[in-house]
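Observations on chain architecture
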Amino acid sequence: PRLKFQTDGRDWYLSMLRWKGAPWYEPDSMRVFLGLLTDAQIVLDVGANVGFYALAAAAQNPARTVYAFEPVPRVASLLRRNALLNGLVNLKVEEMAVADVAGAVQLFVPRDAVPVSASLVAGYRGNCEEIHVPGTTLDAFVRERKIPRVDLLKVDVESAEPRVWAGAREMLGRDRPPVLCECLGTKEAENLRPIVSELGYEWFGIEPDRLVPKRGPVARRPREFNDLFLPRERAQEWLARLKCCE
């Protein structure tokens, strides 16, 4: 879908998008994400940042509802502005963190990092400002909003991904959505392995021309940091639909 973005020049993502174009940003992951949107009516984007994925999902189908979670106030403001610029009334910006507990949480926001890459994990980056922001779990959010079914989940929360999964056990067990999730090769990412196994998901690395089965996070720097998680009982169906099966 064609999208418009507005920036004051201070946001690194949007500045790079202006000069390099949409294919610059995570092209392999975006290709998979757009393929996963088939028939998806409810999409959750946790750690939406300025909204590349959320805006694309909302613009592709005006009848689809997209909930975009972004806890950093300045970044959430950019996300709202760009949703408005594109007339995407079906994109709901939720200015809150998603974790394994509901209620206020500590968020560590780098003072000098560009782009803004805040995390719930203390020490993820140095020279951080600690702020308190509203927090929720996906299970609590889905219950409170009476969301009947989640069709696709995207997660990018700078090493706190296991906490998001831990707070979404009920929803993931009920709805079995595909999950596009950033997996940095950090010690926190190792905590994701038992949760994925417990919930019956299969883990795939995203490469330019295929999806590669994985057993866990890797420390090396890949082309892109996102991996794909598919419910075991429907993994082959999704792979065939994406046309990425080896």
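In what follows, the accompanying structure is described. Here the structure is a predicted model, which means the values were calculated and not measured.

Within this structure, the stated rule accounts for 15 salt bridges. The salt bridge involving Glu170 is made with Arg143; its shortest N-O contact spans 2.9 Å. Placement of the pair is Glu170 in helix α7 (residues 169–175) and Arg143 in helix α5 (residues 138–145), with a sequence separation of 27 residues. Given a relative accessible area of 47%, Glu170 falls into the partly exposed group. Through salt bridges with shared partners, one network takes in Arg234, Glu237 and Arg241.

Taken as a whole, this structure holds nine aromatic pairs when the rule is applied. A centroid spacing of 5.5 Å and a plane angle of 55 degrees characterise the contact between Phe5 and Phe52, whose relative ring orientation is tilted. On the criterion of sequence distance, the pair formed by Phe5 in the segment before α1 (12–20) and Phe52 in helix α3 (residues 52–60) is long-range, its members being 47 residues apart. Pairing Trp165 with Tyr201 gives two aromatic rings, centres 5.6 Å apart and planes at 85 degrees, and the pair type is edge-to-face. With Trp165 in helix α6 (residues 161–166) and Tyr201 in strand β10 (residues 201–207), the pair connects residues that are 36 residues apart, well separated along the chain. Accessibility expressed as a relative area gives 1% for Trp165, which makes it buried. Through a chain of ring-to-ring contacts, the aromatic side chains of Phe5, Tyr25, Phe33, Phe52 and Tyr53 assemble into a single cluster. It is Arg18 that lies over the ring of Trp19; its NZ or CZ is 4.9 Å from the centre. One cation-aromatic arrangement involves Arg241 over Trp238; the distance from NZ or CZ to the ring centre is 4.5 Å.

If you walk through the whole model with that rule in mind, you get one cavity of 30 Å³ or more. What lines the largest cavity is a set of 29 residues, and nearest its centre among them are Gly47, Glu70, Ala118, Asp156 and Val157. Secondary-structure elements contributing two or more residues to the lining of the largest cavity are α3 and β4 (97–98). Class assignment of the residues belonging to the lining of the largest cavity gives a composition of 20 nonpolar, five polar and four charged.

For the rest of this paragraph, the subject is the sheet that holds strand β9 (residues 179–182). Read across the sheet, eight strands follow the order β3-β2-β1-β8-β9-β12-β10-β11 without closing on themselves; strand pairing throughout is mixed. Each end of this open sheet is capped by a strand with a single partner; those strands are β3 (91–94) and β11 (210–214). When the angles between neighbouring strand axes are averaged without regard to direction, this sheet yields 20 degrees. In the sheet, β10 pairs with β11 via five bridges, with the strands oriented antiparallel. Note that in β11 the partner of Glu207 across the bridge is Arg210. Packed on one face of the sheet, helix α2 (residues 27–36) meets β1 (42–46), β8 (152–155), β9, β10, β11 and β12 (226–231) and runs near 135 degrees to β10. Set on the sheet, α5 makes contact with β1, β2 (65–69), β3 and β8; between it and β2 the angle comes to about 140 degrees.

So, on to the state of the cysteines. By the definition in use, this model includes zero disulfides. The structure places no disulfide on Cys181, whose sulfur is separated from the nearest cysteine sulfur, that of Cys183, by 4.4 Å. We classify Cys181 as buried; its relative accessible area is 0%.

On to the layout of surface pockets, then. Empty space within the second largest pocket amounts to approximately 410 Å³. What lines the second largest pocket is a set of 16 residues, among which Leu3, Phe5, Leu17, Ala22 and Phe52 lie closest to the centre. Elements represented by at least two residues in the lining of the second largest pocket include exactly α1, α2 and α3. Looking at the lining of the second largest pocket residue by residue, the classes come out as twelve nonpolar, one polar and three charged.

A few words on the environment of Gln236. Following the sequence through the fold, Gln236 ends up in helix α9 (residues 235–242). With a relative accessible area of 52%, Gln236 lands in the exposed category. Each C-alpha atom of the pair Gln236 and Gly9 lies 43 Å from the other, and the pair is 227 residues apart in sequence.

Counting 83 residues, the largest nonpolar core has Leu91, Leu138, Trp165 and Phe229 as the members making the most contacts within it. Look past the residues within four positions of Trp165 in its chain and what remains in contact with it is Leu172, Val179, Cys181, Leu192, Ile195, Val196, Leu199, Tyr201 and Phe229.

Where α2 meets α3, the axes come as close as 11 Å, and the angle between the chain directions of the two elements is 35 degrees. Handedness of the crossing formed by α2 with α3: right-handed. Where α2 abuts α3, its residues Ser29, Met30, Phe33 and Leu34 lie against Phe52, Tyr53, Ala56, Ala57 and Gln60. Each residue belonging to the contact of α2 with α3 can be placed in one class, and the counts come to seven nonpolar, two polar and no charged.

So, how was this worked out
Residues numbered from 1 in each chain as written. Predicted model: local features only at pLDDT ≥ 70, side-chain atom pairs only at ≥ 80, totals over all residues. Heavy atoms only, no water. Salt bridge = Lys/Arg side-chain N within 4 Å of Asp/Glu carboxyl O. Helix = DSSP H or I, 4+ residues; strand = E, 2+ residues; numbered from the N terminus. Buried < 20%, exposed > 50% of the residue type's maximum accessible area, 1.4 Å probe, protein only. Phe/Tyr/Trp six-rings, centres within 6.5 Å; stacked < 30°, edge-to-face > 60°. Lys NZ or Arg CZ within 6 Å of the ring centre and 35° of its normal. 1 Å grid on protein atoms, 1.4 Å probe; cavity = no way out; pocket = protein on both sides within 12 Å on 5 of 7 lines; lining within 4 Å. Points joined across faces, edges and corners; volume = space filled by probe spheres on them. Nonpolar A, V, L, I, M, F, W, Y, C, P; charged D, E, K, R; others polar. Pairing = 2+ DSSP bridges. Axes fitted to C-alpha atoms, helices over the stretch in contact; angles between N-to-C directions. Contact = heavy atoms within 4.5 Å. Disulfide = S-S within 2.5 Å. Core = buried A, V, L, I, M, F, W, Y, C linked by side-chain atoms within 4.5 Å. Left-handed = near helix turned anticlockwise from the far one by under 90°.

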